[in-house]
Amino acid sequence: MIKVAVLGYGTVGSGVVEVLEKNCKQVAEKAGEELQVGYILDLRDFPGDPYAHKVVHDFQVILQDAEVRIVCEVMGGVGAAYQFTRQALEAGKSVCTSNKELVAKYGAELLEIAREHGCSYLFEASVGGGIPLIRPICNALTAERLLAVTGILNGTTNYILTKMDREGADYGEVLEKAQELGYAERSPEADVEGHDACRKIAILSSLITGKHVDAGQIHTEGITSITPGDFAYARAAGCSIKLLASSRIQEDGSVYACVAPFLVEASHPLAAVNDVFNGVLVTGNMVGDVMFYGPGAGKLPTASAVVADVIDCAKSGGGATPCGWTREAASLGNFSQAEHVFFVRAREADREAVLAAFPVDRLLEAEGGAEDFGFFTKAMEEGTFADQYEKLGNKVLGRIRYLAG
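Residues numbered from 1 in each chain as written. Predicted model: local features only at pLDDT ≥ 70, side-chain atom pairs only at ≥ 80, totals over all residues. Heavy atoms only, no water.

Draft legend 1. Representation of the overall build of the protein chain in the model. For the protein chain, the count of helices and strands is 14 helices and 17 strands. Relative to the globule expectation of 22 Å for 405 residues, the C-alpha radius of gyration of the protein chain, 23 Å, shows essentially globular dimensions. In terms of principal-axis extent, the alpha carbons of the protein chain reach across some 75 × 50 × 35 Å. For the protein chain, restricting intrachain contacts to residue pairs at least 6 apart in sequence, the fraction spanning at least 24 positions comes to 72%. When the accessible surface of the protein chain is totalled, it reaches about 17,200 Å², and 47% of it is carbon and sulfur. Taken together, the 36 basic and 54 acidic charged side chains of the protein chain have centroids lying 3 Å from each other. (Helix = DSSP H or I, 4+ residues; strand = E, 2+ residues; numbered from the N terminus. Rg over C-alpha atoms; globule rule 2.2 N^0.38 Å. Contact = heavy atoms within 4.5 Å. Areas by Shrake-Rupley, 256 points an atom, 1.4 Å probe, with all protein chains shown as cover. Lys, Arg positive; Asp, Glu negative; His and termini not counted. Charge placed at Lys NZ, Arg CZ, Asp CG, Glu CD.)

What follows is the structure, given as structure tokens:
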């Protein structure tokens, strides 16, 4: 019998306990040994909870129990979560986590510590929630030279954009509804400003390059400036609007990565990923595009991914870390030199000045667009576009990058 400790008894933590207890028979069969929740670490007490007797407030209790071989870190943040993870690994206890912020910032260091102490640091649940993604990249696609990853990695923003598209509603109205349903936090900045997706693409970029990609160096935009008017033009162009996280390895080995809204052509596989679901395209040099789709968050989908890592740790007896990256910094390409096609929406009164500023590919007409107009540029470097955009000031109402099918 292996004791498992769960750090944090919030949404995901309670889900991990539920999966381990409800599926105990299947988990034991697959792990080859019975797994039992030994401790739950939390600052709070949970009177009346069926597992209240397992709650402890001192991490040292877990650290000093030799029967605890696997720790599930589902606290979030990079303070106590980092300290507890490091101490557990140094004590030879494997750690499984859903904490994308911690993995993105300290993943290389924690993987190194795990290797040095004969245990595992696994993080399947940190990207894509319940979607098997990291394990296939590390195992099923090992024969590939991975070239790119592009995906919808945040269910909250995808839900908001889907509702805006279908109902013609304003961003603020849909955000409020998402908060009522529990899809968005009371303070939603990490989701709607793109930071959550940025951490996830940093992890995936680090995996495909084998070097550390700093999330702080990735160009990141959110969805707060998207309007119903943008969706009217998107429909006219046969597109949907998605917040995409993208990473591509250049010919010189550098990495170009960004998080931003895109007009996605209807024929593209990611255009059909709606509501709170996630979708990820991984591109290999031999297999081409492989797509992963499913629930990208939620209590039980995320908990299921954590427990899958727990089973891997139990089966391997430690040392189950199949992949990772080094502390060496990856070389990030200059974002200003990246090329994109842009959709631009501008005031009708300023048509002549705006069209003169950009290499125009085609004009768009949208229902209700009497006071504005839209067009696609030809492919332009980010820096060149940004210079022209800034010069035009309030003559331009908005711009969104474009992804063809």
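Draft legend 2. Geometry of the nonpolar core. Counting 98 residues, the largest nonpolar core has Ile 62, Tyr 121 and Ile 160 as its most contacted members. Among the nonpolar cores identified, the runner-up in size contains 30 residues, and Tyr 9, Ala 31, Phe 46 and Cys 313 belong to it. (Core = buried A, V, L, I, M, F, W, Y, C linked by side-chain atoms within 4.5 Å. Buried < 20%, exposed > 50% of the residue type's maximum accessible area, 1.4 Å probe, protein only.)

Draft legend 3. Just the pairing of strand 17 (residues 396-403), in detail. By the bridge criterion, 3 bridges tie strand 10 (residues 255-265) to strand 17 in an arrangement that is parallel. Within strand 17, the residue paired with Phe 262 across the bridge is Arg 401. Pairing of strand 13 (residues 339-347) with strand 17, which is carried by 6 bridges, proceeds in the antiparallel orientation. Across the sheet, the residue bridging to Arg 345 is Gly 398, located in strand 17. (Pairing = 2+ DSSP bridges.)

Draft legend 4. Spatial organisation of the sheet that holds strand 4 (residues 68-73). Read from one edge to the other, the open sheet built from 6 strands follows the order 3-2-1-4-5-6, with strand pairing classed as parallel. Bordering the open sheet on either side are strand 3 (55-56) and strand 6 (121-122), each of which pairs with just one other strand. Relative to strand 6, strand 5 (residues 94-97) is paired through 2 bridges, and the arrangement is parallel. Paired with Val 95 across the strands is Tyr 121, a residue of strand 6. Sheet strands touched by helix 1 (residues 11-22): strand 1 (2-7), strand 2 (35-41) and strand 4. Its angle to strand 2, the strand with the most contacts, is close to 160°. (Axes fitted to C-alpha atoms, helices over the stretch in contact; angles between N-to-C directions.)

Draft legend 5. Layout of the state of the cysteines. Per the counting criterion, the structure on display carries 1 disulfide. Here Cys 138 is linked by a disulfide to Cys 323, with a sulfur-sulfur distance of 1.8 Å. Taking the sign of the S-S torsion, about 60° here, the bridge from Cys 138 to Cys 323 comes out right-handed. In this pair, Cys 138 is assigned in helix 6 (residues 134-138) and Cys 323 in the loop between helix 12 (299-316) and strand 13, connecting sequence segments 185 residues apart. The thiol of Cys 239 is not disulfide-bonded; the next cysteine sulfur, from Cys 258, is found 17 Å away. Residue classification places Cys 239 among the buried residues on the basis of a relative accessible area of 9%. Looking at Cys 313, it has no disulfide partner, and the nearest cysteine sulfur is the one in Cys 96, 3.7 Å off. (Disulfide = S-S within 2.5 Å.)

Draft legend 6. How the structure looks around a nonpolar patch on the surface. On the surface, a cluster of nonpolar side chains totalling about 270 Å² of accessible area is made up of Phe 277, Met 291 and Tyr 293. Topologically, Tyr 293 is positioned in strand 12 (residues 288-295). (Patch = residues over 30% accessible without salt bridge, like charges linked within 9 Å, V, L, I, M, F, W, Y side chains within 5 Å. Salt bridge = Lys/Arg side-chain N within 4 Å of Asp/Glu carboxyl O.)

Draft legend 7. Up close: the side chain of His 268. Take His 268: it is sitting in the loop between strand 10 and strand 11 (277-284). A polar side-chain atom of His 268 sits 3.1 Å from the main-chain amide nitrogen of Leu 270. In contact with His 268, not counting residues within four places along its chain, are Leu 281, Leu 403, Ala 404 and Gly 405. (Polar contact = N/O pair within 3.5 Å; in protein donor to acceptor, adjacent residues only side chain to side chain.)

Draft legend 8. The arrangement of helix 8 (residues 171-181) in detail. Turning to helix 8, its buried residues number three or more, namely Tyr 171, Val 174, Leu 175, Ala 178 and Gln 179. The buried residues of helix 8 all sit within an arc of 145° when viewed along its axis, so they share a single face. Every exposed residue of helix 8 that faces more than 90 degrees away from the buried side is listed here: Glu 173 and Glu 180. Among the structural elements, helix 7 (155-167) and helix 9 (189-192) are those in contact with the buried residues of helix 8. Where helix 8 terminates, the next one or two residues include Gly 182, which has phi positive at roughly 85°. (Arc of directions from axis to C-beta.)

Draft legend 9. Local environment of the environment of Lys 211. The topology assignment puts Lys 211 in the loop between helix 10 (195-209) and strand 8 (219-220). As for Lys 211 and Gln 36, which are separated by 175 residues in sequence, their C-alpha atoms are 36 Å apart. Ignoring sequence-local partners within four residues, the contact set of Lys 211 consists of Ser 206, Trp 325, Thr 326, Glu 328, Ala 329 and Ala 330. In terms of polar contacts, Lys 211 uses its side chain to reach the side chain of Glu 328, at 3.4 Å.

Draft legend 10. Representation of the packing of aromatic side chains in the model. The tally for this structure, following the rule as stated, stands at 16 aromatic pairs. For the ring pair Tyr 121 and Phe 123, a centre distance of 5.9 Å and an interplane angle of 50° mean the geometry is tilted. As far as the burial class goes, Tyr 121 and Phe 123 line up, both buried. Taking 6.0 Å as the distance between ring centres and 45° as the angle between the ring planes, the aromatic pair formed by Phe 358 and Phe 375 counts as tilted. Here Phe 358 is found in the loop between helix 13 (351-357) and strand 14 (360-364), whereas its partner Phe 375 is found in strand 15 (residues 372-377), with 17 residues between them in sequence. Owing to a relative accessible area of 0%, Phe 375 belongs among the buried residues under this scheme. (Phe/Tyr/Trp six-rings, centres within 6.5 Å; stacked < 30°, edge-to-face > 60°.)

Draft legend 11. Region of interest: the pairing of strand 9 (residues 239-249). Strand 9 sits mainly inside the fold: 9 of its 11 residues count as buried. Here strand 7 (residues 146-152) pairs with strand 9 via 4 bridges, running antiparallel. When the bridges of strand 9 are listed, Thr 150 appears paired with Ser 246. With 11 bridges connecting them, strand 9 and strand 10 associate as antiparallel partners. Each bridged residue has a counterpart across the sheet, and for Leu 244 the counterpart in strand 10 is Ala 260. From the end of strand 9 to the start of strand 10, which pair antiparallel, there are 5 residues, and Gly 253 there has a positive phi angle of about 90°.

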